[in-house]
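Observations on chain architecture
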Amino acid sequence: QVQLVEAGGGLVQAGGSLKLSCSVSGPTSNVYSVGWFRQSIGKEREFVAAIAWNRDSTFYADSVKGRFTISKGNTKSPVILQMSSLKPEDTAVYYCAAAKVPGTPGVYDYWGQGTQVTVSS
């Protein structure tokens with residue numbers, strides 16, 4: 001199955017930047033998109049950003065627009081989440097996920113293990 005591995009998490013001060021990487025491997029022929037999600041302690045998982053696997057379409061949550069940028073390399077993997085102007089509320093475990101085609105819109109089928117991002121004041 002499709003495998004995803006996140007990397008790049010760490011500790012950064014508010015206003016700083018951090019780059020997360022999602023390595024995608026396995027049978028990716030039916031992958032529609034790759035997205036980033038995050039989950040903070042005591043909160044539900046929330047959508048952050050996504051990019052189409054075979055197109056350049058991108059999507060962002062309102063909370064990160066203008067601060068985060070999602071992209072992919074020439075070989076599609078890795079998928080990058082460049083985070084700037086970080087805020088303490090961005091602190092969370094960030095997960096990379098892949099959605100299949102065909103599939104239910106908005107449903108992601110494969111998930112990585114997550115990487116911790118901590119933003120200090």
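To keep things clear, this report deals only with the structure shown in the data block. As the structure is a prediction and not an experimental result, all values here were calculated from the model. (Residues numbered from 1 in each chain as written. Predicted model: local features only at pLDDT ≥ 70, side-chain atom pairs only at ≥ 80, totals over all residues. Heavy atoms only, no water.)

To continue, consider the nonpolar core. Leu4, Val34, Trp36, Leu81, Met83 and Tyr94 are the most contacted members of the largest nonpolar core, which totals 29 residues. Among all residues touching Leu4, those that are not within four sequence positions of it are Cys22, Ser23, Val24, Val34, Cys96, Ala97, Ala98, Tyr110, Trp111, Gly112 and Gln113. In this structure, Phe37, Ala50, Ala97 and Tyr108 belong to the second largest nonpolar core, which totals five residues. (Core = buried A, V, L, I, M, F, W, Y, C linked by side-chain atoms within 4.5 Å. Buried < 20%, exposed > 50% of the residue type's maximum accessible area, 1.4 Å probe, protein only. Contact = heavy atoms within 4.5 Å.)

Moving on, we come to the pairing of strand 3 (residues 18-25). Summarising the sheet, strand 1 (residues 3-7) and strand 3 pair through five bridges and their orientation is antiparallel. The residue bridging Ala7 from the neighbouring strand is Ser21, located in strand 3. Examined bridge by bridge, strand 3 and strand 8 (residues 79-83) share five bridges and lie antiparallel to one another. Bridge assignment links Leu18 to a residue of strand 8, and that residue is Met83. (Pairing = 2+ DSSP bridges. Helix = DSSP H or I, 4+ residues; strand = E, 2+ residues; numbered from the N terminus.)

Geometry only, nothing functional implied.
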